[in-house]
Amino acid sequence: MSFASQARGEIAHVECVGACCARSELCAALLSSGGISYHGPEKYRLSLTSSDATVVRRYFTLAKRFYDVTGELRVVKTPQFSGTTRYRLLLPQDQSLRLLKEMKLLDPDGLFGLRNKPSSRLFSRDCCRAAFLRGAFLFSGTVTNPEKDYHMEFSVSDRVFAETLLEILNKFEICAKIACRKEKEVVYLKGSESISDVLTILGAHQCVLEMENIRITKDLRNQVNRQMNCDNSNINRSMLTAERQIADIRYIDEEIGLDKLPKTLREIAEVRVANPETSLSGIGEMLTPSLGKSGVNSRLRRLTEIANRLRSGEEIE
Ligand SMILES: [Zn+2]
């Protein structure tokens, strides 16, 4: 199961606590699923359609419990939905007008007698704001698997509705943006913290926990990778230095012969060439008497200096 359907499943089972919240949630659901059809003055038919049966059943129960309205559940399979099965809740036509009034969606001056901006009275309280987001998410929201990316979005067909969602998210101090994509208005947010906050508001606590676990594992993995890259680059650096030192020693040997070097330098040159992968302190231990890391370093530097002087044509006594 995808992370998005897991979230939807969890949210679809969150209890709707009060009539105020039921009204906001149903309103958002209808605006999200485009389920208001107009058949001449005063005749409306409300419907909710989703590919998720659990989501549709939630609103069947909600309409029954809070408005005493018994809807009709249908399975729809049409080419319009590219052959996939959809579930639809049809609310009785004689009750639809009453429900629209309840949801404060009627406006005699509006197109088809409807408001295009939901009344702010529907989300004057935090509980109702959360309920509104829940209704919108269940029909038009999705969240990417946090293993892959931190992305959550509400994809709706109406700009005004998108702006309302943005406004509500802002009230919860959550930063979101709107983008226009394929004739859809997409309200989206990024960042594990914001997404986790929205999932908490929606009531998907199980998903929040799972996301947190994934985030911790990801952080740990990144930390280990960074450490390994750092170790690797240190090893690479030491190996490059050793290679250069050996090249210098070989050059001296070819030009003047190692036996021309003072005894201490000759000894370290031979040990270095014989042990190309040994660290500086390891080299120091192989000398008699043994020598510390900085002593080894300074003798090797002297060898490099000699090689450079030879390269520039200087005579070495
Ligand atoms: Zn409420």
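Residues numbered from 1 in each chain as written. Predicted model: local features only at pLDDT ≥ 70, side-chain atom pairs only at ≥ 80, totals over all residues.

Colleague: Any chance you could break down the domain arrangement of the protein chain for me, citing the residues and the numbers?
Modeller: Domain annotation of the protein chain identifies domain 1 (3–203) and domain 2 (239–311). Between domain 1 and domain 2, the C-alpha centre-to-centre distance is 75 Å. (Domains from an automatic or database assignment.)

Colleague: Please give an account of the packing of helix 8 (residues 205–255) against helix 11 (residues 293–311) that cites residues and values.
Modeller: Running from N to C, helix 8 and helix 11 point in directions that differ by 50°, and their axes come no closer than 9 Å. If you check the angle between helix 8 and helix 11, you find them oblique. In this structure, helix 8 crosses over helix 11, and the sense of that crossing is left-handed. Counted together, Gln245, Asp248, Ile249, Tyr251, Ile252 and Glu255 of helix 8 and Leu300, Leu303, Thr304, Ile306, Ala307 and Leu310 of helix 11 form the full contact between these two elements. Classifying every residue of the contact of helix 8 with helix 11 by side-chain character gives eight nonpolar, two polar and two charged. (Axes fitted to C-alpha atoms, helices over the stretch in contact; angles between N-to-C directions. Helix = DSSP H or I, 4+ residues; strand = E, 2+ residues; numbered from the N terminus. Parallel < 35°, antiparallel > 145°, perpendicular 65-115°, else oblique. Left-handed = near helix turned anticlockwise from the far one by under 90°. Contact = placed C-beta atoms within 7 Å. Nonpolar A, V, L, I, M, F, W, Y, C, P; charged D, E, K, R; others polar.)

Colleague: How would you explain the sheet that holds strand 7 (residues 177–181) if you had to name every residue and give the values?
Modeller: The strands making up a sheet are joined through hydrogen bonds of the backbone, oriented either antiparallel or parallel. Strand order across the open sheet formed by four strands is 5-6-8-7, with antiparallel pairing between neighbours. Bordering the open sheet on either side are strand 5 (141–143) and strand 7, each of which pairs with just one other strand. The mean angle between the axes of side-by-side strands here comes to 25°, regardless of whether they run parallel or antiparallel. Summarising the sheet, strand 6 (residues 151–156) and strand 8 (residues 184–190) pair through six bridges and their orientation is antiparallel. Across the sheet, the residue bridging to Met152 is Leu189, located in strand 8. (Pairing = 2+ DSSP bridges.)

Colleague: Please give an account of the environment of Ala247 that cites residues and values.
Modeller: Structurally, the position occupied by Ala247 is in helix 8. Remark: the alpha-carbon pair of Ala247 and Ala307, spanning 60 residues in sequence, is separated by 9.1 Å.

Colleague: I'd love a proper account of the pairing of strand 6, names of residues and values included.
Modeller: Strand direction decides the pairing type here: strand 5 and strand 6, joined by three bridges, are antiparallel. Its bridge partner lying in strand 6, Thr142 is registered against Glu153.

Colleague: Tell me about helix 8, residues and numbers included.
Modeller: Each α-helix turn comprises 3.6 residues. Residues three or four places apart therefore point the same way. Between its terminal C-alpha atoms helix 8 stretches 75 Å, which fits the 75 Å expected from 51 residues at 1.5 Å a residue. Inspection of helix 8 places Cys207, Met211, Ala242, Gln245, Asp248, Ile249 and Ile252 among the buried residues, and these make up the whole buried set. Those residues of helix 8 hidden inside the fold are in contact with helix 1 (3–11), helix 7 (192–202), helix 9 (263–274) and helix 11. One or two steps after helix 8, the chain reaches Gly257, where phi turns positive at roughly 85°. (Expected span 1.5 Å × (residues − 1). Buried ≥ 20, exposed ≤ 12 C-beta atoms within 10 Å, placed from the backbone.)

Colleague: Explain unusual backbone geometry to me, using residue names and the numbers behind them.
Modeller: Note that the residue after Thr288, namely Pro289, is joined by a cis bond; omega there is -10°. With respect to the element layout, Pro289 can be found in the loop between helix 10 (280–286) and helix 11. Phi angles above zero are rare outside glycine, and Asp68 is one such case at about 55°. Mapped onto the fold, Asp68 is located in the loop between helix 3 (53–67) and strand 3 (72–77).

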